[in-house]
Amino acid sequence: MKLPSLVEVDRRSDALRVLSCYYGLNGHEAHRYTGARFDTWDSAGSRDSSHNRFTADDLVAVSFLSVNVPPLAAEALLDTRANEFAELLEELGPDRDLVDERTPWTEDWVGWRLWGMLDALPSVGPTTASKLYARKRPRLRPIYDSVIAEVIGSTTLWEPLRTHLQQDPGLHPHLLSLRDDLRPPFDLSALRILDVLLWMHGKNNTICTLT
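Peer 1: Could you give an account of unusual backbone geometry, naming the residues involved and the relevant values?
Peer 2: A positive phi angle, close to 70 degrees, is found at Ser 66, a residue other than glycine. By the element assignment, Ser 66 lies in the loop between α2 (56-63) and α3 (71-80). At Ser 123, a residue that is not glycine, the phi angle is positive and equals roughly 60 degrees.

Below, the structure written as structure tokens:
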């Protein structure tokens, strides 16, 4: 797995410009991306009380990242298999930073079992599954899609990123410091900061990015 120079410390000002543009902050209000609503969408006001259960707001939130949860998958998440997913989320425990996950995961780890269930939902697949997962555990689960896969040069992300964060002890604090300088009026995880930088680099938007 490789990361673009936009993530490096010496391109801090460029990274802040990209983040400000994406989120429509710090003078970039006209350029805000619809994906900015993924982090905050909460029309029912229940996000803080639904960490262990998928909600209709979660399904709407992922649509801001250009994917849609198909009907049969939505039915499973919200109704027919809602309790199964809730039990796994509860067993997984509260959100925590990926960098702190020191023990390599085995196939029977609850996080992998939850991932497998999401990925196997009708017409879902890894991209939508990762975005659903990231809504429930944004500090633990990175978002994956074809743009990010091309940027990092890998078709897998979660475990390689966990290892990378531990081999580069400055990366996680750097991502958090970017968030602090961005000053968003809502919480953002280090993984979401990284996701936006990787995706924007891959899209090479000339309004928001610098080459």
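Following the structure, the description resumes.
Peer 1: Explain empty space enclosed by the protein residue by residue, including any values.
Peer 2: The full count for this structure, using the stated rule, is one cavity of 30 Å³ or more. Of the voids in this model, the largest cavity is the one considered here, and its volume is about 40 Å³. In terms of lining, the largest cavity is formed by Pro 142, Ile 143, Ile 148, Leu 157, Leu 161, Leu 191, Leu 194, Asp 195 and Leu 198. With four residues, helix α10 (residues 190-203) is the single largest residue contributor to the lining of the largest cavity.

Peer 1: Mind laying out the packing of helix α9 (residues 171-182) against α10, listing which residues take part and the relevant values?
Peer 2: Direction vectors running N to C along α9 and α10 enclose 85 degrees, while the axes themselves pass 9 Å from each other. Between α9 and α10, the interaxial angle falls into the category roughly perpendicular. Within the contact between the two elements, α9 uses His 172, Leu 175, Leu 176, Leu 178, Arg 179 and Leu 182 and α10 uses Ala 190, Ile 193, Leu 194 and Leu 197. Of the residues assigned to the contact of α9 with α10, the class counts are eight nonpolar, one polar and one charged.

Conventions used here
Residues numbered from 1 in each chain as written. Predicted model: local features only at pLDDT ≥ 70, side-chain atom pairs only at ≥ 80, totals over all residues. Heavy atoms only, no water. Helix = DSSP H or I, 4+ residues; strand = E, 2+ residues; numbered from the N terminus. 1 Å grid on protein atoms, 1.4 Å probe; cavity = no way out; pocket = protein on both sides within 12 Å on 5 of 7 lines; lining within 4 Å. Points joined across faces, edges and corners; volume = space filled by probe spheres on them. Axes fitted to C-alpha atoms, helices over the stretch in contact; angles between N-to-C directions. Parallel < 35°, antiparallel > 145°, perpendicular 65-115°, else oblique. Contact = heavy atoms within 4.5 Å. Nonpolar A, V, L, I, M, F, W, Y, C, P; charged D, E, K, R; others polar.

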